[in-house]
Amino acid sequence: MQATLPARLYGCPEAWVRERSAVFGRAWLFLGHEAEAPAPGDWIATDVAGHRLLAVRGKDGALRAFHNVCRHRAGPLVTGSSGHCEGELVCAYHGWRYALDGRLRAATGFGAAEGFDPREFGLLALRLETWRGLVFATMDADAAPLAGHVAPLEAVLAERGLAIAAPALRRSHDLACDWKTYAENYLEGYHIGSVHPLLADELGGAEYRVRVEGDVVVQEAVGVNDGPQAGVWGWLWPNLGVNVYRDGAMIERMTPVGPGRTRLDYLFLNDGGEGTLGEALTASDRLTAEDAAICEAVQRNLSAGAYDRGVLSPNHEVALAWFQSRIAEVHP
């Protein structure tokens, strides 16, 4: 029998600090789709667990990732989730200018300062790799290559002939719960009958399978070959859902924004564009509202003080047990 993590780790400022460094500071983090930055000067940006990251397309056509922070006094280089800059990144605070490859081009108006070498003040670079058009970056110079991280999910998609389409729409939802509360909900189908009645009807008597391989969890409703839920629900450590269906895909990032607070960042992918997403958007909005309600209710109970630890089902919560075991390694 495996006990759950103690309730004190959900919404705890000390736990948040440890997870920012030991989980998100060492992981491959999803930024967006390379098609969102097609031309030189195009950029995409995000924040994950307080880490503010960007990727920009260089004049040579290469995407490069950096911390979204000026080396002078920590001003932001870009604001928003995507945009375009004309040949250089310019700090919004004091106007320092950086080439698209991260070199400091001009410390605007700074003046002569003894010992100041512009070559030592380029942008803080990150490793960037892509998989099926999806852009990931990591702060960990020693992280294993992305290809190994996604290999189990790549094998499933290749076997089923499933593709990841072009970006069609982004949406975000704010939740009053810890990121772990929502991630754990995603990692099990045990709650479907109680929380998602319409989805339960769609799945009917299908066998719901969950398996863990490496850094990947794969969930499938076996036998739903022709329905709207046909496909594969993949999940990449530490916080990314990759839901691939016959006619499109949806990337779901469970983005921690502070102790006890989460933002769901959705990227819908469909080669037909936003106008073809009708049924998918309706289903997504319904499922998100249902999951948000139960996760926020669970978070309130985790914070109330009566509950400390529970137990995990060996039949339904294998992936959740794996996730909690990895989180437990971070906390003394």
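Up top is the structure.
Bear in mind that the values here come from a model prediction, so they are computed numbers and not experimental data.

### Some words on the overall build of the protein chain
On a plain count of helices and strands, the protein chain comes out with seven helices and 17 strands. Its C-alpha atoms give the protein chain a radius of gyration of 21 Å, within 12% of the compact-globule value 20 Å for 332 residues. Taking the principal axes of the C-alpha coordinates as reference, the protein chain spans close to 70 × 45 × 30 Å. Expressed as a percentage of its 332 residues, the buried residues of the protein chain come to 52%. Looking at the protein chain alone, contacts between residues at least 24 apart form 60% of all its contacts between residues at least 6 apart.

### A few points about the packing of aromatic side chains
Pairs of aromatic rings are described using the distance from one ring centre to the other and the angle between the two planes. Enumeration according to the criterion identifies 13 aromatic pairs in this entry. An angle of 75° between the planes, with centres 6.1 Å apart, marks the rings of Trp237 and Trp322 as edge-to-face. Residue Trp237 is located in the loop between strand S14 (231–236) and strand S15 (240–245), and its partner Trp322 is located in helix H7 (residues 318–328); the two are separated by 85 residues in the primary sequence. The buried category is assigned to Trp237, whose relative accessible area is 9%. Ring geometry for Tyr266 against Phe268: centres 6.0 Å apart, planes inclined by 85°, an arrangement best described as edge-to-face. A relative accessible area of 3% places Phe268 in the buried class.

### Let's talk about helix H6 (residues 278–304)
Taking 1.5 Å of rise per residue, 27 residues should cover 39 Å, and H6 covers 39 Å from first to last C-alpha, within 8% of that figure. Along H6, the residues classified as buried are Leu281, Ala283, Ser284, Leu287, Thr288, Glu290, Asp291, Ala292, Cys295, Gln299 and Leu302. For H6, the elements touching its buried residues are strand S11 (167–175), helix H3 (179–186), helix H4 (192–195), helix H5 (197–203), strand S16 (248–258) and strand S17 (261–269). Looking one or two places after H6, you find Gly305, whose phi comes out positive at around 105°.

### Here we look at the pattern of salt bridges
A full pass over the atoms with the stated rule returns 18 salt bridges. Note that Glu19 and Lys180 form a salt bridge whose closest N and O atoms lie 3.0 Å from each other. Of this pair, Glu19 sits in helix H1 (residues 13–24) while Lys180 sits in helix H3, and the two are 161 residues apart along the sequence. Take Glu19 and Lys180: they sit in the same class, and that class is buried. Note that Arg97 and Glu88 form a salt bridge whose closest N and O atoms lie 3.0 Å from each other. Of the residues examined, Glu88 reaches a relative accessible area of 16% and is grouped as buried. Each of the salt bridges in this network shares a partner with another, and the network as a whole consists of Asp47, Arg253, Arg263 and Asp265.

### Topic: the pairing of S15
For S15, the buried fraction is high: six of the six residues fall into the buried class. In this sheet, S15 lies alongside S14 in antiparallel orientation, the contact comprising six bridges. Within S15, the residue paired with Leu236 across the bridge is Leu240. Counted along the chain from S14 to the antiparallel partner S15, the turn is three residues long. Relative to S16, S15 runs antiparallel, the two sharing six bridges. Each residue of the ladder has a partner; that of Gly241, found in S16, is Glu252. If you look at the hairpin formed by S15 and S16, you'll find two residues sitting between the two strands.

### Side note on the packing of H3 against H6
Packing of H3 against H6 brings their axes to within 10 Å, and their N-to-C directions diverge by 130°. With respect to their mutual orientation, H3 and H6 come out oblique. By crossing handedness, the relation of H3 to H6 is classed as right-handed. Touching Thr181, Tyr182 and Asn185 of H3 are Asp291, Ile294, Cys295, Val298, Gln299 and Leu302, all from H6. The residue makeup of the contact of H3 with H6, split by class, is five nonpolar, three polar and one charged.

### Concerning the layout of surface pockets
Estimated volume of the second largest pocket: approximately 530 Å³. Along the wall of the second largest pocket there are 21 residues; nearest its centre are Glu184, Glu188, Val298, Glu317 and Leu320. Going through the elements one at a time, H3, H6 and H7 are the ones with two or more residues in the lining of the second largest pocket. Here the lining of the second largest pocket is composed, by residue class, of eleven nonpolar, seven polar and three charged.

### Side note on the environment of Ala321
Along the chain, Ala321 turns up in helix H7. Separated by 30 residues in sequence, Ala321 and Asp291 have C-alpha atoms that sit 20 Å apart.

### A look at the nonpolar core
In terms of nonpolar packing, the biggest core is built from 57 residues, with Tyr182, Trp235 and Phe323 touching the most fellow members. When residues in this core are grouped by element, the largest group, five residues, is from H6. The contact partners of Trp235, leaving out residues within four places of it in the chain, are Ala183, Tyr186, Leu187, Asp215, Val216, Val217, Leu240, Gly241, Met254, Trp322 and Phe323. Leu146, Ile164, Val232 and Leu267 belong to the second-largest nonpolar core, a separate cluster that totals 25 residues.

What counts, and where the lines are drawn
Residues numbered from 1 in each chain as written. Predicted model: local features only at pLDDT ≥ 70, side-chain atom pairs only at ≥ 80, totals over all residues. Heavy atoms only, no water. Helix = DSSP H or I, 4+ residues; strand = E, 2+ residues; numbered from the N terminus. Rg over C-alpha atoms; globule rule 2.2 N^0.38 Å. Buried < 20%, exposed > 50% of the residue type's maximum accessible area, 1.4 Å probe, protein only. Contact = heavy atoms within 4.5 Å. Phe/Tyr/Trp six-rings, centres within 6.5 Å; stacked < 30°, edge-to-face > 60°. Expected span 1.5 Å × (residues − 1). Salt bridge = Lys/Arg side-chain N within 4 Å of Asp/Glu carboxyl O. Pairing = 2+ DSSP bridges. Axes fitted to C-alpha atoms, helices over the stretch in contact; angles between N-to-C directions. Parallel < 35°, antiparallel > 145°, perpendicular 65-115°, else oblique. Left-handed = near helix turned anticlockwise from the far one by under 90°. Nonpolar A, V, L, I, M, F, W, Y, C, P; charged D, E, K, R; others polar. 1 Å grid on protein atoms, 1.4 Å probe; cavity = no way out; pocket = protein on both sides within 12 Å on 5 of 7 lines; lining within 4 Å. Points joined across faces, edges and corners; volume = space filled by probe spheres on them. Core = buried A, V, L, I, M, F, W, Y, C linked by side-chain atoms within 4.5 Å.

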